[in-house]
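What the coordinates show
These are the residues of each chain, in order.
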Amino acid sequence: MTGRCEGFLVGQADLDMVIGRLKAYSEAGADCLYAPGIRTKEQISAVVKAVHPKPVNLLIGTSGLSVAEARDLGVRRISVGGSLARTAWAGFMRTAREMADKGTFTELGSGYPGGELNKMFS
């Protein structure tokens, strides 16, 4: 079970409150702790240290951290949330906008090759 505190997502960027809740979830039996919205190395490190030895899940988003950097901070699980879907929608919207505004279809050429997708999903 994952204990999740969404303080940072709802405008309550109080790291002490978030850590307090995560510790309470840990003590109640949570197997993994999650504070979506923490972004800085200092915030991430503080959460990891506070709930150790329980693993921390990090919503990576646009933090700029690499997998190696997150690992070095002690993160043991990474989520991307809706980022992959938003990236796909960005390509869709670029292409749709080109078709609507210019009447051209060049963005269709930037799609992932169908043959490669078929290999991946077979």
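Conventions used here
Residues numbered from 1 in each chain as written. Predicted model: local features only at pLDDT ≥ 70, side-chain atom pairs only at ≥ 80, totals over all residues. Heavy atoms only, no water. Helix = DSSP H or I, 4+ residues; strand = E, 2+ residues; numbered from the N terminus. Contact = heavy atoms within 4.5 Å. Pairing = 2+ DSSP bridges. Axes fitted to C-alpha atoms, helices over the stretch in contact; angles between N-to-C directions. Patch = residues over 30% accessible without salt bridge, like charges linked within 9 Å, V, L, I, M, F, W, Y side chains within 5 Å. Areas by Shrake-Rupley, 256 points an atom, 1.4 Å probe, with all protein chains shown as cover. Salt bridge = Lys/Arg side-chain N within 4 Å of Asp/Glu carboxyl O. Buried < 20%, exposed > 50% of the residue type's maximum accessible area, 1.4 Å probe, protein only. Phe/Tyr/Trp six-rings, centres within 6.5 Å; stacked < 30°, edge-to-face > 60°. Parallel < 35°, antiparallel > 145°, perpendicular 65-115°, else oblique. Left-handed = near helix turned anticlockwise from the far one by under 90°. Nonpolar A, V, L, I, M, F, W, Y, C, P; charged D, E, K, R; others polar.

Time to look at the environment of Tyr34. Counting through the fold element by element, Tyr34 comes out in strand 2 (residues 32-34). If near-sequence neighbours (up to four positions away) are discounted, Tyr34 is found in contact with Thr2, Gly3, Arg4, Cys5, Leu22, Asn57, Leu58, Leu59 and Ser79.

Moving on: the sheet that holds strand 3 (residues 56-59). Strand order in the open sheet made by the four strands is 1-2-3-4, with parallel pairing throughout. Each edge of the open sheet is held by one strand with a lone partner, namely strand 1 (2-4) and strand 4 (77-79). Sheet twist, expressed as the average angle between the axes of neighbouring strands with direction ignored, equals 25 degrees. Looking at chain direction, strand 2 and strand 3 are connected through two bridges and run parallel. When the sheet's bridge partners are listed, Tyr34 is paired in strand 3 with Asn57. The sheet contacts of helix 1 (residues 15-27) involve strand 1 and strand 2, and relative to strand 2 the element is tilted by about 160 degrees.

Moving on to a nonpolar patch on the surface. A surface patch of nonpolar side chains, amounting to about 360 Å² of accessible area, comprises Val67, Ile78, Val80 and Leu84. Relative to the helices and strands, Val80 is located in the loop between strand 4 and helix 4 (83-102). Judged by relative accessible area, Val80 falls into the partly exposed class, the value being 35%.

Centre-to-centre distance and the angle between the planes together describe a pair of aromatic rings. For the coordinates displayed, the defined rule picks out one aromatic pair. Ring geometry for Trp89 against Phe92: centres 4.9 Å apart, planes inclined by 75 degrees, an arrangement best described as edge-to-face. Of this pair, Trp89 and Phe92 are both found in helix 4, three residues apart, which corresponds to roughly one turn of the helix.

Attention shifts here to the packing of helix 1 against helix 2 (residues 41-51). Pairs of packed helices are described in terms of their axes, by the angle between the two and the distance that separates them. Packing of helix 1 against helix 2 brings their axes to within 10 Å, and their N-to-C directions diverge by 30 degrees. Taken together, the axis directions place helix 1 and helix 2 in an arrangement best described as roughly parallel. Remark: the crossing between helix 1 and helix 2 carries right-handed chirality. Note on element contacts: helix 2 touches helix 1 through Gln43, Ala46, Val47, Ala50 and Val51, opposite Leu15, Ile19, Leu22 and Lys23. Grouping the amino acids of the contact of helix 1 with helix 2 by side-chain chemistry returns seven nonpolar, one polar and one charged.

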